[in-house]
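This is what each chain is made of:
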Amino acid sequence: MTTAGTTGAAADDQVPGLDGPLGSVGSVGSVGSVGSVGSVGSVVVGAGRGDTGWLRLSPRSLVVRPLTDLVRLVPLLAGLLLLHSGTGGRLLWGLLAAGTAVVTGLIHWATTRYRITDERVYVRRGLVNTKLLSVARDRIRTVDVTAHLLHRVLGVCRVSIGTGRNDLRPGESFHLDGLTRADAETLRITLLASAIPSGLAGLADDVEGPSAAGRRGGGAEADRDLVRLRLSWLRFAPLTMTGLVVVGVLFGAVIQIINATDVTLTSTGLVKMLVSDFASLDIVQRVLVGSAVAIVFYVVVALIGYVAVYWNFRLTEHGADTVRVTRGLLSLRATTISLNRLRGVEISEPMLLRSARGARCIAITTGLHVGRGAEHEGSVLVPPAPRELAQRVTAQLLGVPEELCAGPLVRHGPAAFRRRLFRALLAAAVIIGGIILATRARHGPDWVWIGSFGFLPAAVAVAIDRYRNLGHRLTDGWLVTRTGSFSRRRNIIGTDAIIGWRIHQTLFQRRQGLMTLTATTAAGQQHYSLRDVPVEIGLAVADQATGDLLTPFRQH
Amino acid sequence: MLPGLRVPGNRVSRRAISYWTARAVLSSAVVVLAEIICAAATSFSTAWQVVLVVTVVVLAAHALIMPRWRYSVHRWEVTDQALYTRSGWFSVHWRIAPINRIQTIDSHRSLGERIFGLANVTATTASAAGPVRIHGLDKDLADLLLDQLAVATGQTPGDAT
């Protein structure tokens, strides 16, 4: 761990594979030239402006930032041009915004530098408040290279480094936006140095011929494909929520355009015609037509979404200890995950996907956080695909028997079932009660509230499914947990990744002899629970999973 | 309380009972005051009188029972290997964090805790879900514990993930 007092040591660092010999890090005294120095990795290194060894982004990135900012303004500008409704003031604002975008792009390029030493990676950015981020290289879990359409046109990309800490705080994430492909590839290989430098698999179609990094790879062993997208998997596209998200985004974009351009959609001829046609139908036809249109629209959007996100999806094995995920139609994404840092895999089966015998896999690793939009996408190991494949790939990646990913689990017993049944029936009772009250108050037809009793058998079915899905298993250093009904998840976590236990017991659980055992970890969702597990079984699991951690506190 | 799991060795400070009582009384007072204002608007109708009596009884029972119940549950223990706590009252939480995984230790004293000479100690691990908190410690003991844990965690190398 380097500290401000020992920058001298850092002076000997070399950047392998980059710029040859490097200058020394400036003495602490030269901090003066840097405004205020913040740090991620609890390290502040004096770094004067004159230092060598600091690398810049590609000059082409100068174009990227202003253009991306301008693209956001396109709806507004289009509106101004199309409708001629823009007053001089509006146009002025537009020009001002464009000018600001160009200037900030320039500042961004001029002030962003990065530097790699044997031990640490530094990123410096900011004009007024200079921020110096640094991270120890052995903390790097993942390297994520993305390139959206504009990036691809200009031949640059964005590199994010997943360190597992501070990634969530804004301004403290490790990313470099606007590196050339070759630089990015060199960086990726350098950072995950143990990886075999054959690289370029994912972005190969875009890299200018056999690039430097590719040639350097020379006779390296070929990558092995673990997963490759098949067209038949498109059948899973409408069965996930991804489609809904795309619909939401589209809807937002349309609203934005309407707002920006002052178009009143309802007054355009086409919409008027459609509305009047629709109004002439009777109620049954309206429902039929409405749902048919909605379903077709949803399926189309879901297919487009699936293709856009997962096109060319490949999960490849790079040598012995890294895997690489590459995918995308317009925006490309290449995520490299160090296998030593892969703590586990989540196999998730949302209800619709499950009914079609499909599943998808998400990496449980410290560099990639799950459940957070883009980051979530970064950790996808298998897109919605046949379940058997998801299970096989998981077993391969973790080096566990396939039975662990597919086989039966230890159920949590009748008390756990009673809890599930009670909760499901309670929820159903609340809904039915609400419907009865509403129909009484509004003098609605009787069949509505009588029909609502159909929720009871449905609740029982859900409870049974939830109980059957609930389970755990502990074998050979792997803890498997499974929960859920509407969204069933099986988590397979290495017990060496468990860094603590939480046990929770409510008064009701105490009477039923149950508890909720939670393993805390630095990876993925940070906590994985065995819900409503019988006390004895739960404690035995915790005991066996982490040898000496719980044992001193056991009492027999 | 949980068969098969030993009770952590140390209780928290007895003054914590007074602190929890004071806190419960204060928050109850806010609720009751709000209700009195509402009731006054309807010139103390019978319905509001019932509501008032019921809430006062329930909140008084809470202020009497909760702190003592909580005091009987809250325990903590530090060994060479782990930090082990039990907390809660209606629902009970046990937490175990290995000393060599602890990343930061800090203590925090709210105004109320300062009045009663108390402090709480929080130990965080690399897991966002794993902080271990000991509430209602005697102030001096908390300082001692903080030092002791700081030394213990400083001795373990590695990045604690």
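Residues numbered from 1 in each chain as written. Chains lettered and ligands numbered in written order. Predicted model: local features only at pLDDT ≥ 70, side-chain atom pairs only at ≥ 80, totals over all residues.

1. Focus: the overall build of chain B
- For chain B, the count of helices and strands is four helices and seven strands.
- In sequence order, chain B lays out its α and β elements as β-α-α-β-β-β-β-α-β-β-α.
- Over its C-alpha trace chain B gives a radius of gyration of 20 Å, far above what one expects of a compact globule, namely 15 Å for 161 residues.
- For chain B, the spread of C-alpha atoms along the three principal axes comes to 70 × 35 × 30 Å.
- With 161 residues in all, chain B has 28% of them scored as buried.
- For chain B, the proportion of contacts with a sequence separation of at least 24, taken over those separated by at least 6, is 55%. (Helix = DSSP H or I, 4+ residues; strand = E, 2+ residues; numbered from the N terminus. Rg over C-alpha atoms; globule rule 2.2 N^0.38 Å. Buried ≥ 20, exposed ≤ 12 C-beta atoms within 10 Å, placed from the backbone. Contact = placed C-beta atoms within 7 Å.)

2. Some points on unusual backbone geometry
- Positive phi, close to 65 degrees, is recorded for Asn312 of chain A, a residue that is not glycine.
- Classification of Asn312 of chain A by C-beta neighbours within 10 Å gives partly exposed; the count is 14.
- Unlike most non-glycine residues, Ser43 of chain B shows phi in positive territory, near 45 degrees.
- Structurally, Ser43 of chain B is set in the loop between α1 (15-41) and α2 (46-73).

3. Examining the packing of α1 of chain B against α2 of chain B
Residues and elements named next belong to chain B.
- The N-to-C vectors of α1 and α2 enclose an angle of 170 degrees; their axes lie 9 Å apart at closest approach. As summarised for this structure, α1 and α2 are arranged roughly antiparallel, according to the angle between their axes.
- Its residues assigned to classes, the contact of α1 with α2 shows 18 nonpolar, four polar and three charged. (Axes fitted to C-alpha atoms, helices over the stretch in contact; angles between N-to-C directions. Parallel < 35°, antiparallel > 145°, perpendicular 65-115°, else oblique. Nonpolar A, V, L, I, M, F, W, Y, C, P; charged D, E, K, R; others polar.)

4. Let's talk about the nonpolar core
- Within the largest apolar cluster, 94 residues are counted, with the highest numbers of intra-cluster contacts made by Val345, Leu381 and Ile492 of chain A together with Ile96 of chain B.
- Setting aside residues up to four positions removed in sequence, Leu381 of chain A forms contacts with Leu315, Val325, Val345, Cys361, Ile362, Ala363, Val393 and Leu397 of chain A.
- With 28 residues, the next largest nonpolar core counts Ile116, Val135, Ile161 and Leu332 of chain A among its residues. (Core = buried A, V, L, I, M, F, W, Y, C linked by C-beta atoms within 7 Å.)

5. A short note on the sheet that holds strand β6 (residues 118-125) of chain B
All names here are of chain B.
- Spatial strand order, β5-β6-β7: three strands in an open sheet with antiparallel pairing. This sheet does not close on itself; its edge strands, each paired only once, are β5 (102-108) and β7 (132-138). Averaged over all pairs of adjacent strands, the angle between strand axes in this sheet comes to 15 degrees, irrespective of strand direction.
- In the sheet, β6 pairs with β7 via five bridges, with the strands oriented antiparallel. Each bridged residue has a counterpart across the sheet, and for Thr122 the counterpart in β7 is Arg133. (Pairing = 2+ DSSP bridges.)

6. Observations concerning helix α12 (residues 387-398) of chain A
Residue and element names in this part refer to chain A.
- Taking 1.5 Å of rise per residue, the 12 residues of α12 would be expected to cover 16 Å, and the 17 Å separating its terminal C-alpha atoms lies within 8% of that figure.
- Those residues of α12 that fall on the buried side of the exposure criterion are Ala390, Gln391, Val393, Thr394, Leu397 and Leu398. Each buried residue of α12 sits inside an arc of 165 degrees when the element is viewed along its axis, so together they form one side.
- Positive backbone phi, approximately 70 degrees, marks Gly399, located one or two places after α12. (Expected span 1.5 Å × (residues − 1). Arc of directions from axis to C-beta.)

7. Some details on the pairing of strand β3 (residues 120-125) of chain A
Residue and element names in this part refer to chain A.
- The buried fraction of β3 amounts to six of the six residues, a majority that puts the element mostly inside the structure.
- What you see with β3 is no split at all: Arg120, Tyr122 and Arg124 on one side and Val121, Val123 and Arg125 on the other are buried throughout.
- Examined bridge by bridge, strand β2 (residues 113-116) and β3 share four bridges and lie antiparallel to one another. Looking at the pairing, Arg113 lines up with Arg124 of β3.
- Count of turn residues in the β2/β3 antiparallel hairpin: three residues.
- Bridge analysis of β3 against strand β4 (residues 131-136) gives six bridges, and the strand direction is antiparallel. Paired with Arg120 across the strands is Ala136, a residue of β4.
- In this structure, the hairpin formed by β3 and β4 is closed by a connection of five residues, where Gly126 is found at a positive phi of approximately 105 degrees.

8. Examining the interface of chain B and chain A
- Contact residues are listed per partner, giving 27 residues for chain B and 28 residues for chain A.
- At the level of secondary structure, the elements contributing two or more residues to the side of chain B that touches chain A comprise β3 (82-88) and β4 (92-98) of chain B.
- Here the element with the most residues in the side of chain B that touches chain A is β4 of chain B; it accounts for seven residues.
- When grouped by side-chain class, the residues that make up the side of chain B that touches chain A number 14 nonpolar, nine polar and four charged.
- Two elements, strand β18 (residues 498-505) of chain A and β4 of chain B, share five bridges in a ladder whose sense is antiparallel. Residue Arg502 of chain A lies in a different strand from β4 of chain B, and its bridge partner there is Arg95 of chain B.

9. Description of the domain arrangement of chain B
Residues and elements named next belong to chain B.
- Looking at the assigned domains, one finds that chain B contains domain 1 (10-71) and domain 2 (75-154).
- One C-alpha centre belongs to domain 1, the other to domain 2, and the line joining them spans 29 Å.
- Each partner contributes residues to the interface: domain 1 has 13 residues there, and domain 2 has 13 residues.
- Among the elements of the structure, β1 (10-11), α1 and α2 are those that each provide at least two residues to the side of domain 1 that touches domain 2.
- Ranked by residue count, the leading element in the side of domain 1 that touches domain 2 is α1, at six residues. (Domains from an automatic or database assignment.)

10. Comments concerning the sheet that holds strand β12 (residues 342-350) of chain A
Residue and element names in this part refer to chain A.
- Strand order in the open sheet formed by six strands is β14-β13-β12-β17-β16-β15, with antiparallel pairing between adjacent strands. Among the strands making up the open sheet, the edge pair consists of β14 (380-386) and β15 (471-475). This sheet shows a mean twist of 15 degrees between the axes of neighbouring strands, independent of strand direction.
- Sheet analysis places β12 next to strand β17 (residues 487-494), joined by seven bridges and oriented antiparallel. Note that in β17 the partner of Ile347 across the bridge is Arg490.

11. A look at the packing of helix α14 (residues 413-442) of chain A against helix α16 (residues 455-469) of chain A
Residues and elements named next belong to chain A.
- In contact at an axis separation of 8 Å, α14 and α16 are set at 150 degrees when each is read in the N-to-C sense. Taken as axis vectors, α14 and α16 run roughly antiparallel relative to one another. Considering the relative orientation of α14 and α16, their crossing is right-handed. Residue-level inspection shows Ala416, Phe417, Arg420, Leu421, Ala424, Leu425, Ala427, Ala428, Ile431 and Ile432 of α14 in contact with α16, the latter providing Phe455, Leu456, Ala459, Val460, Val462, Ala463, Arg466 and Tyr467.
- Each residue belonging to the contact of α14 with α16 can be placed in one class, and the counts come to 16 nonpolar, no polar and two charged. (Left-handed = near helix turned anticlockwise from the far one by under 90°.)

12. Looking at the pairing of β14 of chain A
Residues and elements named next belong to chain A.
- With six of its seven residues buried, β14 lies for the most part within the structure.
- Pairing geometry for strand β13 (residues 358-365) and β14, over four bridges, is antiparallel. Considered in β14, the bridge of Gly358 is made with Pro386.

13. Brief notes about the environment of Arg531 of chain A
- With respect to the helices, strands and loops of the structure, Arg531 of chain A is situated in strand β20 (residues 527-534).
- Leave out the neighbours within four places in its chain, and Arg531 of chain A touches Leu470, Thr483 and Thr516 of chain A.

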